[in-house]
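# Understanding the architecture of this molecule
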Amino acid sequence: MPKVVLSGYFGFGNAGDEAILAAEVAALRQLIPQVEIAVLSGNPHETAATYNVEAEPRGNLWAVSRALRSADLLISGGGSLLQDITSNRSIPYYLGVVALAKLLGKKVMLYGNGVGPIRNPFNRLLVRWLGNWVDLITVRDEGSKRILQELGVTRPPLLLTADAVFTLEPASREAAEEVLRRGGVGSDRPRIGVSVREWQDRQEFKEVMSSAIDKFAAAHKAEVVFLPLQHPGDVTASEQVASFMEQPATIITERTAVPTTMALYGAMDIVLGIRLHALVFAALQAVPHVGIVYDPKVASFLDIVGQPVGGPVECLDGDHVAEQLANLWLKRRQAKTDLEVAAKQLAELAWRNAELAVALLKGEN
């Protein structure tokens, strides 16, 4: 039976990255039911139990080598693995796994990656060198493709697809409503879902967000629902934003499986988000959303789905965020229609990731 190793930011409780993993596992199994999957994880026991896969500790070189030796294909990604804005260790780690796989004679695919920013000269050299050594690269936006081309990655096929999560099905609306009910959220008012994260020890943006949310909630008698994607960091950030607000707010602290977390966003009427996959979850379910940009990948995604930018986290303007929310609310019916079209197109592109991986595995590329 063919065996695939998946390498990414898996096993750290980040709902966005876990959604990517869930999507990859489900897509590969749908296309090749007999496929064996091993995941390099920060929490191998939890990953193995959640996804019914083999899982190895990603920091154990012997375990990683063992998994790769028995594999036919390494899939690196998706997500923003090739960037050094959040950590200078990401690129050396992920490309180190890639190099080990190639040294062992294995096929390697970079799968639905977001790329950049890459500022460190050594990291840029690594991406150029190892990017030209892999067998296939798919990226989720034009900006990522452009960065790789500018760095001199020219040898493997470099294809534009979409975020892997667009192949994943959310849980039912009933499952989401049950979680919201347990959290104290009602069903008789419009809901604004909020995703917030910590960013570089900055605090000013939290107060700015609170004022924009207050204006929207007061104007539309909306219920404010914070939906953390990573625990406990996002819960703490949500509590801080809520503490600045005049309007009441609910924070859903219950940890849920990825499909249910996705469905929570689908149960909102509008979303204001910082985390990329909060916006992805909203788009996938045609929920209008405004994004706050902490990384170019957020702006790229908003451009793809045609949703408004609230502004950069470094110099956020509360009046502008409030205005964007108000304008989007007025256009929400058209926005939902547009998002339904975009989500369908992105799902087709996202399936290409898995189809191309399977073709590579079968030697058809």
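All of these numbers come straight from a predicted model, not from anything done at the bench.

### Focus: the packing of helix α10 (residues 258-266) against helix α11 (residues 276-284)
Between α10 and α11, whose axes approach to 8 Å, the crossing angle comes to 70°. Considered as vectors, α10 and α11 are oriented roughly perpendicular to each other. In terms of crossing hand, the pair formed by α10 and α11 is right-handed. Here T261, M262 and Y265 of α10 lie close against α11, whose contacting residues are A278, F281, A282 and L284.

### Looking at the sheet that holds strand β12 (residues 289-293)
The parallel open sheet is built from six strands, whose spatial order is β10-β9-β8-β11-β12-β13. Whereas interior strands pair on both sides, the edge strands pair on one side only; in this sheet they are β10 (249-251) and β13 (309-312). Each strand of the sheet is rotated relative to its neighbour by a mean of 15°, with strand direction disregarded. Two strands pair when backbone bridges link them, and β12 and β13 are joined in this way by three bridges, in the parallel orientation. The residue bridging I292 from the neighbouring strand is G311, located in β13.

### Details of the pattern of salt bridges
A complete count under the given rule lists 13 salt bridges for this structure. One salt bridge connects R140 with D163, and the closest N-O pair in it is separated by 3.2 Å. You can see R140 sitting in the loop between β6 (136-139) and α6 (142-151) and its partner D163 sitting in the loop between β7 (158-160) and α7 (173-183), a full 23 residues away along the chain. Just as R140 is buried, D163 falls in that class too. Measuring nitrogen to oxygen at the nearest pair gives 2.8 Å for the salt bridge that ties E177 to R173. Remark: R173 and E177 occur in helix α7; sequence separation between them is four residues, near one turn of the helix. Look at E177 and you get partly exposed, because its relative accessible area is 23%.

### A few points about the packing of aromatic side chains
Aromatic ring pairs are reported here in terms of the distance separating the ring centres and the angle at which the planes meet. Scanning the entire structure with this criterion turns up seven aromatic pairs. Above the plane of the ring of Y294 lies R197, whose end atom (NZ or CZ) is 4.7 Å from the centre. In this arrangement the basic side chain of R332 is found over the ring face of W329, its NZ or CZ atom lying 4.0 Å from the centre.

### Digging into the packing of α7 against α10
Axis separation between α7 and α10 bottoms out at 8 Å; the angle between their running directions is 85°. Relative to α10, the element α7 is oriented roughly perpendicular. Contacts from R173, A175, A176, V179 and L180 in α7 reach T260, A263, L264 and G266 in α10. Residue composition of the contact of α7 with α10, grouped by class: six nonpolar, two polar and one charged.

### Quick word on unusual backbone geometry
Geometrically, the link from G77 to G78 is a cis peptide bond, its omega value of 0° lying close to zero. Following the sequence through the fold, G78 ends up in strand β4 (residues 73-82). In the segment running from H231 into P232, the intervening peptide bond is cis, with an omega of 0°. Within the secondary structure, P232 is located in the loop between β9 (223-226) and α9 (233-244). Here Q200, not a glycine, exhibits a phi torsion of approximately 50°, which is positive. Relative to the elements of secondary structure, Q200 occurs in the loop between β8 (191-195) and α8 (204-220).

### Quick notes on the side chain of H289
Mapped onto the elements of the fold, H289 is located in strand β12. Among the polar contacts made by the side chain of H289, one reaches the main-chain carbonyl oxygen of V287 at a distance of 2.8 Å. With residues near it in sequence (within four places) discarded, H289 still touches V271, L279, A282, A283, F301, L302, V305, Q307, P308, L328 and L339.

About the cut-offs
Residues numbered from 1 in each chain as written. Predicted model: local features only at pLDDT ≥ 70, side-chain atom pairs only at ≥ 80, totals over all residues. Heavy atoms only, no water. Axes fitted to C-alpha atoms, helices over the stretch in contact; angles between N-to-C directions. Helix = DSSP H or I, 4+ residues; strand = E, 2+ residues; numbered from the N terminus. Parallel < 35°, antiparallel > 145°, perpendicular 65-115°, else oblique. Left-handed = near helix turned anticlockwise from the far one by under 90°. Contact = heavy atoms within 4.5 Å. Pairing = 2+ DSSP bridges. Salt bridge = Lys/Arg side-chain N within 4 Å of Asp/Glu carboxyl O. Buried < 20%, exposed > 50% of the residue type's maximum accessible area, 1.4 Å probe, protein only. Phe/Tyr/Trp six-rings, centres within 6.5 Å; stacked < 30°, edge-to-face > 60°. Lys NZ or Arg CZ within 6 Å of the ring centre and 35° of its normal. Nonpolar A, V, L, I, M, F, W, Y, C, P; charged D, E, K, R; others polar. Polar contact = N/O pair within 3.5 Å; in protein donor to acceptor, adjacent residues only side chain to side chain.

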